[in-house]
Amino acid sequence: MTVAYPRKFKNAMSARDIMKRVITDREIHLVTLNRYRYNEQRSCKDLTELIEKLDGKPKELIRDLSHHIADEARHAYWLTDLLLELGADVGTPPGLSYIDEFERLLDQDHFQTEEQREDGIISALAAINVTEKRGCEYFSAHIQALKEGEQTEENIQIRETIERIFPEEAGHVRWGNRWLAEIAKKSPEHKAKVDRAKQKYAAIEQAAYESGMDITMGAELRRVSKLLEIVGTLPVWERPAYLMERLPGTLLDPKLQLFRVEAAKKAWDRDPKMFIDRFIPMFFNSTEGLKEKEKANN
């Protein structure tokens, strides 16, 4: 069976690379924790909506999803307590939303007929599974970065909280793998459906992940490229409608422009020299130029 794993950002920066940088800046670190909290909280809402669509069938899946909601709610309140103890914000996180972009790229599933119900369950399980894998990747990288970083009281408290969450998130991935494997065993047709769903939602998740991190020049065209990767996983007859419905929001996203301005202003306010030496080269995606500047400064 096809197994889809999260890919690196721009195929260059791993989660560990990113988290090593995140933990060195307290403001960014707290915003990252708040994003975790927001995503855990939001998943309770999304899983509840799925249960309502399923309307009691199959009972085993309803039970498992209910347990899943309880886990996510517990993670959300652990993170909320942590953030409040650290004096951090627990409002909607700033910046571009990974979860909003993921949902924008989804198709609306229907559950009226038995075939639609089965297809909807496969889609939902594949979508949950790939996002949980991304979460596990980042929790693991975050724990490792904190173990290798400065052992302050605050960092130890953060690490211990994430270490409580991580095993349950890994359990969610194993749960999704089991459900998808059981469905795939039913017939070659079911296996093909599961494999297609895994490919589709892996492409959607990667697009959402990169869109939330990439604000540099040319990000719009890279988003379109990711959109075309998603389109390539769809049946031929579904491709034109999916592409035309999502292309305008992919190519012309006012939230991206606003976030660019906010990020530039914040970088300038914090350190004008860093803005010139690091932010501008990063924005124009001039990684080679940035490396040369760093070598010269060292």
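- You'll find the protein chain entered in an unreviewed UniProt entry as Ferritin-like domain-containing protein, with Pannus brasiliensis CCIBt3594 given as the organism.

**Here's the deal with the overall build of the protein chain**
Part 1: On a plain count of helices and strands, the protein chain comes out with 12 helices and zero strands.
Part 2: Restricting the contact set of the protein chain to residue pairs at least 6 apart, pairs at least 24 apart contribute 76%.
Part 3: Carbon together with sulfur atoms contributes 57% to the accessible area of the protein chain, which is approximately 16000 Å² in total.

**Re the nonpolar core**
Part 1: With 38 residues, the main nonpolar core has L54, L61, L65, L125, Y201 and Y242 as its most contacted residues.
Part 2: Among the elements of the structure, α2 (26–54), α3 (59–85), α5 (114–148), α6 (153–184), α7 (188–211) and α8 (219–231) are those that each provide at least two residues to this core.
Part 3: With near-sequence residues (within four places) excluded, L125 lies in contact with L61, W175, W179, L180 and I183.
Part 4: Formed by 24 residues, the second largest nonpolar core is a distinct cluster that contains L86, F139, I165 and Y209.

**Details of unusual backbone geometry**
Part 1: Omega for the bond connecting K57 with P58 falls within 30 degrees of zero, at -10°, which places this linkage in the cis form.
Part 2: Assignment of secondary structure puts P58 in the loop between α2 and α3.
Part 3: Positive phi is not limited to glycine here, since D55 has a value of about 55°.
Part 4: Structurally, the position occupied by D55 is in the loop between α2 and α3.
Part 5: For D55, a relative accessible area of 63% gives the class exposed.

**Description of the packing of α2 against α6**
Part 1: Between α2 and α6, the least distance of the axes is 13 Å, while the angle of their chain directions is 25°. Between α2 and α6, the crossing angle belongs to the class labelled roughly parallel. The interaxial crossing formed by α2 with α6 has left-handed handedness. Between α2, through R26, H29, L33, Y36 and E40, and α6, the contact on the second element is made entirely by E154, N155, I158, I162 and E169.
Part 2: Grouping the constituent residues of the contact of α2 with α6 by class yields four nonpolar, two polar and four charged.

**Describing the layout of surface pockets**
Part 1: The computed volume of the second largest pocket comes to approximately 700 Å³.
Part 2: Of all elements in the fold, only α5, α7 and α9 (239–251) reach the threshold of two or more residues within the lining of the second largest pocket.
Part 3: Here the lining of the second largest pocket takes six residues from α5, the largest share from any one element.
Part 4: Here the lining of the second largest pocket is composed, by residue class, of eight nonpolar, six polar and 10 charged.

The rules behind each value
- Residues numbered from 1 in each chain as written.
- Predicted model: local features only at pLDDT ≥ 70, side-chain atom pairs only at ≥ 80, totals over all residues.
- Heavy atoms only, no water.
- Helix = DSSP H or I, 4+ residues; strand = E, 2+ residues; numbered from the N terminus.
- Contact = heavy atoms within 4.5 Å.
- Areas by Shrake-Rupley, 256 points an atom, 1.4 Å probe, with all protein chains shown as cover.
- Core = buried A, V, L, I, M, F, W, Y, C linked by side-chain atoms within 4.5 Å.
- Buried < 20%, exposed > 50% of the residue type's maximum accessible area, 1.4 Å probe, protein only.
- Axes fitted to C-alpha atoms, helices over the stretch in contact; angles between N-to-C directions.
- Parallel < 35°, antiparallel > 145°, perpendicular 65-115°, else oblique.
- Left-handed = near helix turned anticlockwise from the far one by under 90°.
- Nonpolar A, V, L, I, M, F, W, Y, C, P; charged D, E, K, R; others polar.
- 1 Å grid on protein atoms, 1.4 Å probe; cavity = no way out; pocket = protein on both sides within 12 Å on 5 of 7 lines; lining within 4 Å.
- Points joined across faces, edges and corners; volume = space filled by probe spheres on them.

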